[in-house]
Amino acid sequence: MKHIRHFTPFFVLCLVHVCLVHANYAPYFFDNGPSSTNGNMALLSLSEDTSVGTHVYTLNGTDPEGDPVTYGIKFEAGLRRYFAIDVNFGNVTLIEELDREKEDEIEVIVSISDGINTVDEKVRILVTDANDESPEFINTPYIVHVPEDTPSGSSILKTEAVDRDTGSGGSINYFLQNIHTNKFTIDRHSGVLRIKRGVTLDYEKSRTHFVTVVAKDGGGKLRGNNKVFSATTTVTINVEDVQDTPPMFIGTPYYGYVYEDTLAGSEVLTVIALDGDRGKPNNIHYSLVNGSESSFDINNATGAISVIKSPNQLKKEVYELKVQASELSMEGNASVYALATVIIRIVDLNNHPPTFYGENGPQNRFELTMYEHPPEGEILRGLKITVNDSDQGANAKFNLRLVGPGGIFRVVPQTVLNEAQVTIIVENSATIDYEQFQVLSFKLLAIEVNTPEKFSSTADIVIRLLDTNDNVPKFSSDYYIARIPENSPGGSNVVAVTATDPDSGLWGEVKYSIYGTGTDLFLIHPSTGIIYTQPWAVLDAEVSSKYNFYVKAEDTEGKYSLAEVFITVLDVNDHPPEFNENIQEKTMIIGSPVKIEAVDQDAEEPNNIVDYSIMQADPANVFDIDQSTGEIKLKSYIRSLDIIHNITKNKDCIWSLIVQAKDRGSPSFSTTAVLKIDITEEMKSRTLHKGPMAAFLMQTKDNPMKALGVLAGVMGIMVMITIIISTVMFWRNKRSNKIMPII
C-alpha cells in the first residue's frame, strides 16, 4: 500500500504530459485570395517578362500555439526550379527566366512547419503573356510565276506569319514596303498578295519583281514598355512571257552601198528582226514589200539582201526598200509583222586622193612675202590655192586643216565636196612678229572624211615676214643711280644708260637725250648713252649734292621711252676749319670755362667735324681744352689767383694761347688762332654784380656790339609802350569830349 502511494503522483504527471503532446496543432497558411501578394501562393499570376531576382511573393502563415514557423518550397522531380525562398521570412524570389510560350503553368509544393508539424500544399502558378515574340513567316521562300497577261486585281500568292504571343501581341497585320512604286498590294489581314488595280505586267519591260512583305504584331507590354515587333520576307515574282508583242528590227536605220565593181548576186547587207516576246520567241520570215524594182532580193530566213543586177544596169543612185518581218506560229502561219526601210546607194570606187593646184597646175608648195602684224581677219590674197577630189559623192568629201604653229591662221572652208578655192585668214596678228619669226611654215592637209582609205595630200605653205617699226626703245632699267666726287674735272663720265629696240635696220637705232631741271651741268652722248659733266662744270657738294633728270631713248620715227637718273655729288674735304678771328680775347672767371669755335664749310661728315687742341701755352700746365666742344678751363688744382701767381711772374694774369681747329677729313685741314685769356676771380668782379645791368655788362664785356644791340632793343620797347598808352588815352578823352591831362 505504501508503494502504491509513492507511484501515484509520478503516474499522474506522465499522463498529463502525454495529453499535452497529443494536443499540439499543426501550423497553416493564410489564404488571402488570388490578388494577394502574401499567403499560400494559390492562383498566383506572374508575367513572363518578370526579371530574374525579383521578389514575387511572401509565404505567410501561423501556428495555433504561437510557435515560430519556417517555410519551404519544392518542385517535383524533373521540373525546373524557378523560385528560391527565405525559410524564416517566406520571401519568394524568381531565379529562372519565365517563358509562357514554353510553359504557361508552374506547379510547386509550398510548406510551413512549426518544428513538430509540417504542412505541404501543392499550388499552381499561372504564367501570363508579355509581347516578347516577333512574327515569323512560314513556308518560305516565296517564289511565284505569273503570266504577263494576268488581269489586274488578281491574287497571286498568300503569305503567312505566326506570332506565339496571345492577345494583341499575337495578332498580325501585313503591308508592303515602297507601296507607291510597287505594282502589287497585300490584304492587311489575310496576307494575300495581288496585282494592283489598273496595273499590268510586261515581260518585255521587267521579267522579275521583288516585293518586301512586312508582318507586324499588334503590340503589347514588355518590361513595362509598349513594344511592337515585325518581320520581313521577300517575295520573288517571275513574269512569264505571253505572245503579245510584234517583231522588232535591230540596228535600224539600215544603209547599204553597191560599188561600181560589185558583182551581181553579191550580198549588200543583212536586216535582223527578233520576236518581241523573248520568253518563247517565234521564227521570223523576211520579205521585200516594194522598192526593189527587181534589182534586189532577200533571204526569207536570214534577212540577207543581195543585188541581182550588175551596177551598170542600175538606173537609180538611191533605192529605198521596204522589208517586212513576220512571226511564224507553231503551225507555220504568219501572224503579226513589222516593217523597216532599207536605203541602198550606188557609189563609185574611191580611187582619187585630194590634190592641190596652183595657177599653173598641180602644186605642193606655196610661198608668200608679207609685212608683220597684218590686221586680224585679213585674207592672204597672194596665195592662189585650189583643191580637188575627182571621186564622186562621199568619196569626194574631205577636210582641210593647217598643221603648224596654232592659232595664227585659219583655213576656209574646213570641209570640201569635190572642189574649192582655199582661203587662209589671219586669226592672231600679235603672233605674226618679225622679231620672233622671220619665216612661218605650215602644212596644208586635205584628208578624206568618210572613206575607209582616208586618202590625203599635203602642201607646204611658207610665209616670209618683212619688218615694221612696231617696237619702242626700252631701257634696261626704269631708273639709274650714280655718284661722282665733287672734285671731278669737267667732262668726267657719270653713268651709262642702255636702251634697246628689237626692230631691224634704222628702226632699231636709238638716240639718247636728257632733259629736266637738273641737266645744266651734264651732257649725254647721243649714240652710246654715256652721261658726263659739262667741260666747264664745277661740282660743289656744299652748293648742291643731288641732281635728277630724265633720259629719253628715241628711234628714227620718234617712238621713245623714258628713264629717270639720280646723281649724288660726293663731298670731298676741300674746306679747312675757320675761326671768326685770328686773335681772340676772352675773360675767364676762375671755375668757369671759356669757349672757342671754328666752322668747317664741307657738306658731309667727317669732313666737317672739328677737333680742338692747344698748340702752345706758357706755362703749359695751366689750361685744358675739350677736343669736341672747344671749351677751355683751368687745371683742376687752380682755384685762386694766388696759385696762378705762384706759377708765373705775370701779374696781370693775361695768357696768350695758340689753339688749333682740325677737321677729320682725308687729307685733314687745320687752322690756328691766338687766344688771349684774362683770368680774374669771382670776388673781384662782385663790384660789377650789383644789379642785372651790371651782370649783363659783365657778361658782354667781350662783345660790346651785343650790349649795344640789347640796349637799343630795350629803348625801342619803351618808346612803343609810351605810344600805345598815349593813343588809348586820346581815344578815351575824345569819346567824353574832354581833354584830360596825362598823369
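Values in this document were obtained by computation on a predicted structure and should not be read as measured data.

Caption draft 1: Structural detail: the confidence of the model for the chain. Averaged over every residue, the pLDDT of the chain is 84; residues scoring 70 or more account for 91%. When mean pLDDT is taken per element in the chain, strand 41 (residues 474–475) scores highest with 95 and helix 1 (residues 2–22) scores lowest with 46. For residues 12–21, every residue scores under 50 in pLDDT, and the model assigns this stretch zero contacts once sequence neighbours within four places are set aside.

Caption draft 2: How the structure looks around the sheet that holds strand 34 (residues 385–388). Taken in spatial order, the five strands line up as 32-31-34-38-36 in an open sheet, and their pairing is antiparallel. Strands at the two margins of the open sheet, each flanked by one partner only, are strand 32 (361–362) and strand 36 (409–412). Examined bridge by bridge, strand 36 and strand 38 (residues 419–426) share four bridges and lie antiparallel to one another. By the bridge assignment, phenylalanine 409 is partnered in strand 38 with valine 426.

Caption draft 3: Layout of the pairing of strand 34. The alternating pattern of strand 34 places Ile385 and Val387 on one face and Thr386 and Asn388 on the opposite face, and all of these are buried. As defined by bridge partners, strand 31 (residues 355–358) adjoins strand 34 across three bridges and the pair is classed as antiparallel. Looking across to strand 34, one finds that threonine 355 is bridged to asparagine 388. As judged from the four bridges shared by strand 34 and strand 38, these two strands associate in the antiparallel manner. Note on strand 38: the bridge partner recorded for isoleucine 385 is valine 422.

Caption draft 4: A look at the domain arrangement of the chain. Partitioning the chain into structural domains gives domain 1 (28–125), domain 2 (136–240), domain 3 (248–347), domain 4 (355–466), domain 5 (474–570) and domain 6 (578–680). Distance between the C-alpha centres of domain 2 and domain 4: 73 Å.

Conventions adopted
Residues numbered from 1 in each chain as written. Predicted model: local features only at pLDDT ≥ 70, side-chain atom pairs only at ≥ 80, totals over all residues. Heavy atoms only, no water. pLDDT = per-residue confidence, 0-100. Helix = DSSP H or I, 4+ residues; strand = E, 2+ residues; numbered from the N terminus. Contact = heavy atoms within 4.5 Å. Pairing = 2+ DSSP bridges. Buried < 20%, exposed > 50% of the residue type's maximum accessible area, 1.4 Å probe, protein only. Domains from an automatic or database assignment.

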